[in-house]
Amino acid sequence: MTVAPVGTITFLFTDIAGSTRLWQQHPETMQTALQRHHALLNEAIANQGGYVFQIIGDAFCAAFPTACAGLEAAIEAQHALLAEKWGETGIIKVRMALHTGQAELKVGDYTSGEYASGLTLSRAARLLSAGHGGQILVSLPTAELVRDHLPQDVSLRDMGPRRLKDLIRPEQIFQVLAPGLLTDFAPLKTLDVHPHNLPVQLTSFIGREHEMAEIKKLLSSTHLLTLTGTGGTGKTRLALQVAADLIDEFPGGVWLVELAPLHDPALVQSTVTAVLGVREQPDRPLSDLLVEHVREEHMLLILDNCEHLVEASAQLAELLMRSAPELKILATSRVHLNLGGERTYPVQPLALPDPKRTQTVLTLAQYDAVRLFIDRASAIQPSFSITSENAPAVAQICTHLDGIPLAIELAAARTRHLSPASISARLGDRFNLLTGGSRTLLPRQQTLRAAIDWSYDLLSSAECIMFNRQAVFPGSFTLEAAEAICAEDATSAPAEHDISASQVMDLLSALVDHSLVSVQEWNGENRYGFLETVRQYALEKLQATGELASLRDKHLAYFLKLALQGEPYTWIGDPEWIRRFDAEFDNLRTSMEYALSCDPESAILLANSLGMFIDFTSRNFEFNSWIERISIMAESWPPGKMKAMALYFAGDRATYLEDYQHAQDLLESALEMAKELGDKKLVSLITHVLAVNNLRRGDWAQLRYYAEQRLAISRELGDNDGIAGSLWQLGESLCNSGNLKMGRMHLEQSLELARQENFPNCISFALESLSRLAFMEGEYPKARVMLTECAQIRRQMGFRSGLVWTLYRLGQVFLKERDAVQARALFDECLEIFDDMKDISGHLLYIDGNSGIAALTGQDERAARLFGASKAAAEKLNVVMTEFSRKVYEPLIATVRERLGETEFEKLWADGRTLTLEDAIELAKKQNP
């Protein structure tokens, strides 16, 4: 197999001219013709050492390590195509283009990967679109490389500088002349030969391939398409690129009308007539002349930046669409024109890397936002490149700026004087940092603040108030939350700046229309939000009004009430409430931070309400920092409920950190205080955590003691969830103490009550415990059924830390059932979850699981190495193999030892012990069947 070339590469792009027409005229024979076409091209490319990396329909994309090889392949292919007898289909003419430049492979295998989209591939595609069937076009970089090495009788015809459809600098184009090839063609299909006024762009167009395809499809089926989006998202640049790509489809031309400089609505119509070259006549209305001019024309009209003249733009668009059936209008605006038949396309920010995932330089460079930063920074500083050292800062810049192209370009301009790390560190003051764009741009495009000012100045006074107040929400929010927090209290005295709850929905809708707020459906309800950059702007406005403190008070009150309402549901593992808390977590987090600064009692109530949700969603690190701050504040508090709860939280945190004795001391102090207060609900809560603390440290007698206490209190309170949980804890204490019969009975009672009351969390724990008993007794099908149900419940709950262990044990059951395929799939999912949670213990489990798969499938050498690597890693991490795992792996180790023989097994085992954890993981991945 040919290996994909890297570095400086010559690309050959081809496609069949008029293929759509050929398919329509010869549907029966075109399939055979296409197969022959593919065979001829593949042969010519292979003969010259080329690498075909993509075939889409009749279009080939191939890469060559040298320009001469690419040229030879193109000539050979054209000769073969012209010599072929195509029968009824008629001659198949193929256009070809050669362009040379730098390109990177997408992440993946170098023998089968594709190249990442970039400027080099884009230029090759644009060059191809300029040609005709049978023609070979060559760019200047390729021409320079082949000029002194041309085959005999082959020459290059200079076609002159031509503007390709990427709108940037003209490209010097050459046509290949060779014996036996066609030589005379119609003029090249470049921008120069079509009527238009599209401006030359000084920078390359990055990404947006998917958006462009969608916009072209929408434009083909409507007469008016409006690209909407907040300032700086690149609506104009995207519209220009789409127009350039479609220029062949509009014989009447493509015409850009720039409305941003206008302030008088009356000038819209005259500006359009001037762009189209319509001569004014004293005795005729301008509208009549304009209609007459466009009536029969098949043209594309771009109305750019309509938002401040939306009514006049809408009136003009309606007039033209009624009169000119072949006319298409592509508008850009921060608010739609609100016309019948109008389609809107929201332009989103550029694609961003996931900040939660570790990215390599190569993977980062394939995100559009990062590519844009690199391209613009390289233009400012030619020596700039993305490296393993600056890549995290570049990713942070793009993420913090929400992928807004204008903001990224302004940040990239700062690389003249600042490193990416310095730029990233200063983004807290982004509106002052991101200034100094090109002097040729409109003022609103020269700074980030001016871009948003432009939208803000178009709002009504009530819309401004609503926009400002939304800054109190750090993330998305519901209509109900906005009504409760952003509207005036019904009991307060009316004021000039009042907005009522009944106005909020209409004001939000208006802000959505202005592209300042986004709305998305989540779980059957609409959630509103805006980009962090826009929120920072709104927060500045809100601070200036003096309303911030009162709005934060209302925000805390609203989300504390929500947390208290949801607490009993999240405690039992209700998936709906867990998802709701997850959606509101940015708001809940902000409420907690505010409460910690000024309202400790609310902070404690919030912490108590969020505790179980935090466990389910693995946010313990952040929660622990809150508890630490509460504990410091509580040191000076007198005995009482708040003090007891602070001690309870501190004990819970110590348990999580495996500081079991300290946890025991704190929790016993809290329990004594709660008993003195006579607060039985708090006593139940503390005894629950005391039981958990002793479960984790393996003190089965103490576990039983506290479980029995909690069971008695829960029965007294009529707390069925507490009863079910206590029965489970008792069952665990008895089973681990050797009393399997009584332990099983308590576990089954816990499961029965939990099913009866629909307590998902307790059901999952009871199933997990009972499945372990079934497994140890050799009842593998029964254990598999229980663990499968447990995994399903935990997946629905979003309880990932519990789910991953359930999946791992289920994989072990499949090993005992000799189903390597199912086990492998489960272990792979476990590794992904562990990596997301940044839990290194998951690497050890992945090695264990795949050592079992290797042993099960007869890969004995790898199995022995992996068993050795696993043992060494367990010693380093101080991990002791459980009885459950010993039952799985010890028989497999014995089998592999027997098949290899003692000497060979020990040698491979020792070799495995020398592997690093990373090398062992790679070995585990490669050995999968």
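Since the model is a prediction, treat every value here as computed from it, not as a measurement.

Caption draft 1: Looking closely at the sheet that holds strand β12 (residues 342–346). Ordered in space as β9-β10-β11-β8-β12, the five strands form an open sheet in which the pairing is parallel. A strand with exactly one partner marks an edge of an open sheet, and here the two such strands are β9 (254–258) and β12. In this sheet, neighbouring strand axes are inclined to one another by 20 degrees on average, regardless of whether the strands run parallel or antiparallel. Where strand β8 (residues 224–228) lies against strand β11 (residues 328–333), five bridges are found, and the strand directions are parallel. Bridge assignment links Leu225 to a residue of β11, and that residue is Leu330.

Caption draft 2: Quick peek at the pattern of salt bridges. One pass over the structure, following the stated rule, counts 39 salt bridges. A network of salt bridges, in which partner residues are shared, links Arg126, Lys216 and Asp245.

Caption draft 3: Structural context of the side chain of Thr14. Structurally, Thr14 is set in strand β1 (residues 7–16). Every residue in contact with Thr14, bar those within four places of it in the chain, is listed here: Leu41, Asp58, Ala59, Phe60, Val94, Arg95, Met96 and Leu128.

Caption draft 4: Representation of the pairing of strand β2 (residues 51–56). Pairing analysis gives five bridges linking β2 to strand β3 (residues 59–64), with the strands arranged antiparallel. Bridge assignment links Val52 to a residue of β3, and that residue is Ala62. Counting the residues that bridge the hairpin from β2 to β3 gives two residues, and of these Gly57 lies at a positive phi of roughly 65 degrees.

Caption draft 5: Main features of the side chain of Ser851. Along the chain, Ser851 turns up in helix α37 (residues 841–856). In this view, Ser851 contacts Ala863, Leu866 and Phe867; residues no more than four positions away in its chain are not counted.

Caption draft 6: Just a nonpolar patch on the surface, in detail. Where nonpolar side chains cluster on the molecular surface, the patch consists of Ile840, Leu877 and Val879 and spans about 230 Å² of accessible area. Tracing the sequence through the fold places Leu877 in helix α38 (residues 860–877).

Caption draft 7: View of unusual backbone geometry. The phi dihedral of Arg208 falls on the positive side, at around 65 degrees, and the residue is not glycine. Its location among the elements puts Arg208 in the loop between β7 (171–177) and α6 (209–220). A positive phi is found at Asn878, a non-glycine position, where the angle reads about 60 degrees. With respect to the helices and strands, the residue Asn878 is situated in the loop between α38 and α39 (883–900). Judged by relative accessible area, Asn878 falls into the exposed class, the value being 68%.

Caption draft 8: Spotlight on the packing of aromatic side chains. All chains considered together, the criterion is met by 30 aromatic pairs. Taken together, a centroid distance of 5.9 Å and an interplanar angle of 85 degrees make the contact between Trp805 and Phe834 edge-to-face. Of this pair, Trp805 sits in helix α35 (residues 800–816) while Phe834 sits in helix α36 (residues 820–836), and the two are 29 residues apart along the sequence. We classify Trp805 as partly exposed; its relative accessible area is 31%. Judged by relative accessible area, Phe834 falls into the buried class, the value being 1%. Every member of this aromatic cluster is reached through a ring pair, and the members are Tyr569, Trp577, Phe581, Phe585, Phe613, Phe623 and Trp626. For Arg619, the ring lying beneath its charged end belongs to Phe585, and the centroid distance is 4.1 Å. Positioned over the ring face of Phe765 is Arg794, at 4.7 Å from the centre of the ring.

Analysis parameters
Residues numbered from 1 in each chain as written. Predicted model: local features only at pLDDT ≥ 70, side-chain atom pairs only at ≥ 80, totals over all residues. Heavy atoms only, no water. Pairing = 2+ DSSP bridges. Helix = DSSP H or I, 4+ residues; strand = E, 2+ residues; numbered from the N terminus. Axes fitted to C-alpha atoms, helices over the stretch in contact; angles between N-to-C directions. Salt bridge = Lys/Arg side-chain N within 4 Å of Asp/Glu carboxyl O. Contact = heavy atoms within 4.5 Å. Patch = residues over 30% accessible without salt bridge, like charges linked within 9 Å, V, L, I, M, F, W, Y side chains within 5 Å. Areas by Shrake-Rupley, 256 points an atom, 1.4 Å probe, with all protein chains shown as cover. Buried < 20%, exposed > 50% of the residue type's maximum accessible area, 1.4 Å probe, protein only. Phe/Tyr/Trp six-rings, centres within 6.5 Å; stacked < 30°, edge-to-face > 60°. Lys NZ or Arg CZ within 6 Å of the ring centre and 35° of its normal.

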